[in-house]
Every structure is written in C-alpha cells, then in structure tokens.
Amino acid sequence: MSARAASPTGRRRVVVGVSGSIAAYKAPTVVRRLREAGCEVRVVATEAALRFIGAPALAAVSGGPVSTGVFDDPAAVEHVAVGEWAELVLVAPASADLLARVAAGRADDLLTATVLTTTAPVMLCPAMHTQMWRNPATVENVATLRRRGLDVLEPADGRLTGEDSGTGRLPEPQDIVAAALSALAHRRTPEAAAQVLAGHHVVVSAGGTREPLDPVRYLGNRSSGRQGVAVARAAAAQGARVTLVAANISEDLLRGLGPTVEVLAVGTALELQDAVRSACVDADAVVMAAAVADFRPRSVHSAKIKKHVLTPGQEGGAPRPAPIELVENPDVLAGLVSRPPRTDGVRTLVVGFAAETGDADGDVLAHGAAKARRKGADLLAVNAVGQALGFGDVPNAVVVLDAHGAEVARAQGTKDEVARALVALVADRLAGTCADAQ
Ligand code: CTP
C-alpha cells in the first residue's frame with residue numbers, strides 16, 4: 001500500500017483515532033457522519049479509549065475492525081500501513097495524555113505510531129477538563145503541535161463530565177466532520193496529484209471552419225471535430241484546465257466534457273484565430289486540431305445569391321455562375337509560433353495536425369515533414385487521409401514529427417487512444433520545460 005495509490009472506491013480515506021476521554025462516546029457519531037459524507041474510515045483506538053467505548057460499537061459504525069496496539073499484527077507493520085493509507089488522521093477525542101504523547105513524539109500504541117508515520121494532515125480534537133486544557137503543560141504541547149503543522153481544534157465551551165462546565169468540551173460531531181471535510185477538500189486527492197497536466201492550461205481547436213458566401217451557403221470541410229474533442233477530453237482527464245475552440249461541432253460531441261473544459265463556439269477562420277489567440281495568453285500548450293479554411297470568399301453577400309444573376313459582360317447570353325473570388329486566411333498555427341500571444345516569458349508548446357494524402361510530389365510523411373519545417377510547431381501529428389482513415393468515427397493513426405520534421409512518436413487506435421498518446425507527449429514536453437527552467 002502506498003500513500004500515492006488511488007483509492008479503488010474513489011472515496012477519501014480517513015483514519016479516526018479515539019483516545020481515552022469520556023467524550024469517546026461521540027466518536028461513533030463522527031465515524032457515521034464521515035461515512036455518510038462518502039469517506040472510507042478506519043478506526044484506531046487507544047487502550048484507554050476502549051474503557052469508555054466498546055470496540056464492537058466502533059467496528060459496527062466504521063464497517064471494519066478496530067486496531068489498538070502496534071503489536072496486534074506485527075507482520076503487517078500496521079502503523080506504517082495505516083499511516084500511508086490515510087488522507088487525513090482525525091483524532092476525536094484527543095485527551096490531554098494523547099496530546100502530550102504526540103507532542104513528545106511517542107509511538108507506544110498504534111494511534112501515536114500512526115500519527116508519527118503518516119504524511120497526511122493530522123487533526124486533533126481535544127476534550128478534557130478546563131484545568132487540564134489551561135495547564136501550562138497542555139498549553140505548551142498544543143503550541144508545539146501547531147508549530148509542527150498539526151491542526152489542533154479549539155475545544156468547545158459547555159457542560160463537562162460532571163456538574164461542572166467550561167472550556168474543554170469536545171466540539172460537536174458535525175463541526176468536527178465539517179472541519180475534516182474542509183481539510184480534505186483543500187488537499188488534492190492522490191489521484192489528482194498524479195494527473196500529469198494538473199495546473200496547466202491547454203487550448204485545443206477542433207472542428208472545421210465555415211466561410212460564408214451568403215446567408216445560406218458557405219465553403220467548408222468535412223472535419224467532424226472528433227479528434228480535437230478527444231484531445232480536449234484527454235487533457236482534462238489529466239487535470240488540465242482546457243479551452244476548446246469548437247468550429248461547427250455538433251452538440252452531441254460536446255456533451256459531457258465536464259466543468260474543466262470551457263467551450264468557445266466559432267464559425268469562421270478569423271473567429272477561430274481571435275478565440276485561439278485570446279485563450280493562449282496564459283496557455284501552457286495549444287493543440288490545433290481544427291481544419292482551418294485556407295481561403296475565404298472576398299465578399300459575403302447580404303442576400304442569397306441568385307442563379308440568374310449574370311456575370312458582368314455576359315448580358316444577353318445564357319446564365320453563367322458568377323466566379324467566387326477568394327482571399328487568403330491567416331495561418332493560425334504559424335502565427336502562434338511566429339507571434340506568440342503569451343507575453344509573460346512562458347513559452348506555449350504549439351502542436352499542429354496535418355491531414356495528408358500523398359501525391360506525385362511525395363508521400364504522406366514527406367509532405368508532413370515539409371509542413372513541420374514550414375510551420376515550426378513543436379510537434380505536428382501527421383495522419384493519412386483516405387481509405388476510411390482520418391475523417392468520421394474511424395480508427396486513426398498518426399506519426400508525430402518535431403519542428404525539424406524528425407519522427408518523435410507514432411500512435412494509433414481510436415481517436416481517444418491517439419488523443420491520450422498526444423496528451424502524454426505534451427505532458428512530457430511540459431515537464432521537460434519545467435525541469436529545464438529549474
Ligand atoms: N492551420 C491553421 N490555419 C490555417 C490552416 C491550417 O492554423 N489557415 C493549422 C491546422 O489547424 C493544422 C495545421 O495548420 O494544425 C495544418 O493544417 P493543414 O490544413 O494540413 O495545413 P495547410 O497549411 O493548410 O497546408 P495544405 O496546403 O496541406 O492545406
């Protein structure tokens with residue numbers, strides 16, 4: 001078992017320690033409420049605790065055995081195992097004696113040994129008489145524990161064991177559980193910590209631009225957006241914040257991307273350029289999977305173009321189609337390399353896609369390598385179009401080239417598999433950049 005291992009249940013793991021105090025009778029309520037909040041709980045009680053509350057009661061509410069001594073199962077090295085398993089060690093109640101033993105670094109039972117071995121946060125919920133809480137020995141112990149980073153909650157005011165009342169009462173179980181859940185919420189799960197793009201912003205363009213001719217017609221292409229959406233999904237699964245610039249992608253494909261993916265819908269190449277460049281001002285990586293039209297009609301007619309509008313000079317003759325004059329669109333990818341939108345000194349990793357068919361001038365890879373050199377992107381994923389490869393919901397194969405046209409990697413399979421492979425390459429490059437920067 002390791003502290004970094006993912007929980008098979010996906011639930012947060014809390015060790016509840018119970019020490020010898022009359023308030024131990026509240027521990028089952030704490031355990032029950034933690035479990036109701038979706039936590040997995042293991043109970044470790046001291047010998048003294050079991051004089052106040054029975055092990056069967058704690059076992060029943062926690063749904064597992066209650067451990068006590070370091071030597072109950074020496075072969076299992078339980079104190080290390082329990083400490084590593086925990087994402088939070090919560091001691092409720094923590095008696096004056098328990099605080100003293102933890103402050104002294106003692107490890108004479110399973111609970112103190114667990115506190116000493118764990119790397120998880122430790123939260124101690126004191127319960128004792130006011131005089132014990134105010135005693136300079138306890139005051140010093142609490143100060144020591146807090147200085148070392150342990151979280152010692154303030155005890156509540158109210159009725160104590162006997163007729164007396166004052167400060168020293170165990171905080172109410174709902175308050176303890178709220179504090180525990182908040183501590184867990186501020187700490188990323190080991191699963192999240194293992195995500196290779198956590199803390200990174202990745203911009204992905206996907207789909208195909210449409211360049212309008214008139215209110216009903218456009219020049220477009222057959223890109224569905226599936227590959228780019230898969231890249232966005234894979235990057236989000238690795239913990240990235242993702243901006244997906246979606247050019248004419250169906251709602252169905254965009255469903256279920258999750259809260260860490262922001263979708264910006266665009267239509268034309270110019271709109272895509274604006275959206276990508278503004279999203280890239282703080283991007284760590286940009287993946288240009290969109291099929292961007294290289295040209296657009298010079299003018300967009302405000303009314304539908306009629307079949308019988310004659311080409312100038314053809315008066316009197318049969319109707320002829322008016323030619324469509326095209327102007328060049330900006331190359332968004334090349335612009336990201338030559339004029340990076342990010343200006344704070346951090347370099348954005350630029351990744352392009354190239355769908356190639358191969359022709360008399362060269363095969364798919366020769367065209368891909370020439371494009372890689374021309375565009376200057378850090379990585380260019382080249383795929384062969386044709387024979388049912390590349391477009392639509394079909395398996396995909398890419399060869400990834402660097403800016404010099406040299407092969408870096410190959411990936412094939414479903415678009416999700418290709419996307420995961422590309423995202424892994426992006427993460428490797430970003431990790432390399434961070435390591436270089438250190
Ligand atoms: N691209 C872009 N802006 C354009 C055209 C393409 O950003 N105006 C990007 C695409 O998103 C892709 C890469 O450039 O990441 C390669 O696109 P592709 O259409 O293969 O390249 P072109 O430069 O248009 O080359 P070709 O002559 O093969 O069409």
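Bear in mind that the values here come from a model prediction, so they are computed numbers and not experimental data.

A. How the structure looks around the sheet that holds strand β1 (residues 13-18). The six strands lie next to each other as β3-β2-β1-β4-β5-β6, forming an open sheet whose pairing is parallel. For this open sheet the edge positions go to β3 (66-67) and β6 (151-152), each flanked by a neighbour on one side alone. Where strand β2 (residues 40-45) meets β3, two bridges bridge the pair, whose relative direction is parallel. Following the sheet pairing, valine 44 is matched in β3 by serine 67. In the packing of helix α3 (residues 55-62) onto the sheet, the strands contacted are β1, β2 and β3, and the crossing angle to β2 comes to about 165 degrees. Here helix α5 (residues 96-103) sits on the sheet and contacts β4 (88-94) and β5 (122-126); the angle it forms with β4, its principal contact strand, is near 140 degrees.

B. Inspection of the layout of surface pockets at higher detail. There is about 940 Å³ of room inside the largest pocket. Residue lining of the largest pocket: 39 residues in total, with Ala290, Ala291, Val292, Phe353 and Ala355 positioned closest to the centre. Residue assignment for the lining of the largest pocket shows that the elements contributing at least two residues are β9 (201-207), α11 (226-237), α14 (332-338), β17 (349-356) and α15 (364-375).

C. Broad picture of the packing of aromatic side chains. Enumeration according to the criterion identifies zero aromatic pairs in this entry. The ring of tryptophan 85 carries arginine 42 above its face, with NZ or CZ at 5.3 Å from the centroid.

D. Expanded view of the pattern of salt bridges. Under the defined criterion, the tally for this structure stands at 21 salt bridges. One salt bridge connects arginine 13 with glutamate 87, and the closest N-O pair in it is separated by 3.8 Å. You can see arginine 13 sitting in strand β1 and its partner glutamate 87 sitting in the loop between α4 (78-85) and β4, a full 74 residues away along the chain. Between glutamate 154 and arginine 146 there is a salt bridge, with the nearest N and O atoms lying 2.8 Å from each other. A relative accessible area of 49% means that glutamate 154 is categorised as partly exposed. Taking relative accessible area as the criterion, arginine 146 reaches 35% and is therefore assigned partly exposed. Here the salt bridges do not stand alone but share partners, grouping Asp97, Arg101, Arg106, Asp108 and Asp109 into one network.

E. Up close: the side chain of serine 21. As for its placement among the helices and strands, serine 21 is situated in the loop between β1 and α1 (27-36). For serine 21, the side chain forms a polar contact with the main-chain nitrogen of alanine 23, separated by 3.0 Å. Ignoring anything within four residues of it in the chain, the contact list for serine 21 reads Phe52, Pro93 and Ala127.

F. Geometry of the nonpolar core. Counting 38 residues, the largest nonpolar core has Leu197, Val204, Val242, Leu244 and Leu422 as the members making the most contacts within it. Elements that contribute at least two residues to this core include exactly β9, α11, β12 (241-247), β14 (285-288), β17, β18 (379-384), β19 (396-402) and α16 (415-437). Here the element with the most residues in this core is α16; it accounts for eight residues. Leucine 422 has contacts with Val231, Phe353, Ala381 and Val400, leaving out every residue within four places of it along the chain. Within the second largest apolar cluster, 29 residues are counted, among which are Val14, Val41, Ala92 and Leu184.

Conventions we followed
- Residues numbered from 1 in each chain as written.
- Predicted model: local features only at pLDDT ≥ 70, side-chain atom pairs only at ≥ 80, totals over all residues.
- Heavy atoms only, no water.
- Pairing = 2+ DSSP bridges.
- Helix = DSSP H or I, 4+ residues; strand = E, 2+ residues; numbered from the N terminus.
- Contact = heavy atoms within 4.5 Å.
- Axes fitted to C-alpha atoms, helices over the stretch in contact; angles between N-to-C directions.
- 1 Å grid on protein atoms, 1.4 Å probe; cavity = no way out; pocket = protein on both sides within 12 Å on 5 of 7 lines; lining within 4 Å.
- Points joined across faces, edges and corners; volume = space filled by probe spheres on them.
- Phe/Tyr/Trp six-rings, centres within 6.5 Å; stacked < 30°, edge-to-face > 60°.
- Lys NZ or Arg CZ within 6 Å of the ring centre and 35° of its normal.
- Salt bridge = Lys/Arg side-chain N within 4 Å of Asp/Glu carboxyl O.
- Buried < 20%, exposed > 50% of the residue type's maximum accessible area, 1.4 Å probe, protein only.
- Polar contact = N/O pair within 3.5 Å; in protein donor to acceptor, adjacent residues only side chain to side chain.
- Core = buried A, V, L, I, M, F, W, Y, C linked by side-chain atoms within 4.5 Å.

These figures capture arrangement, not role.
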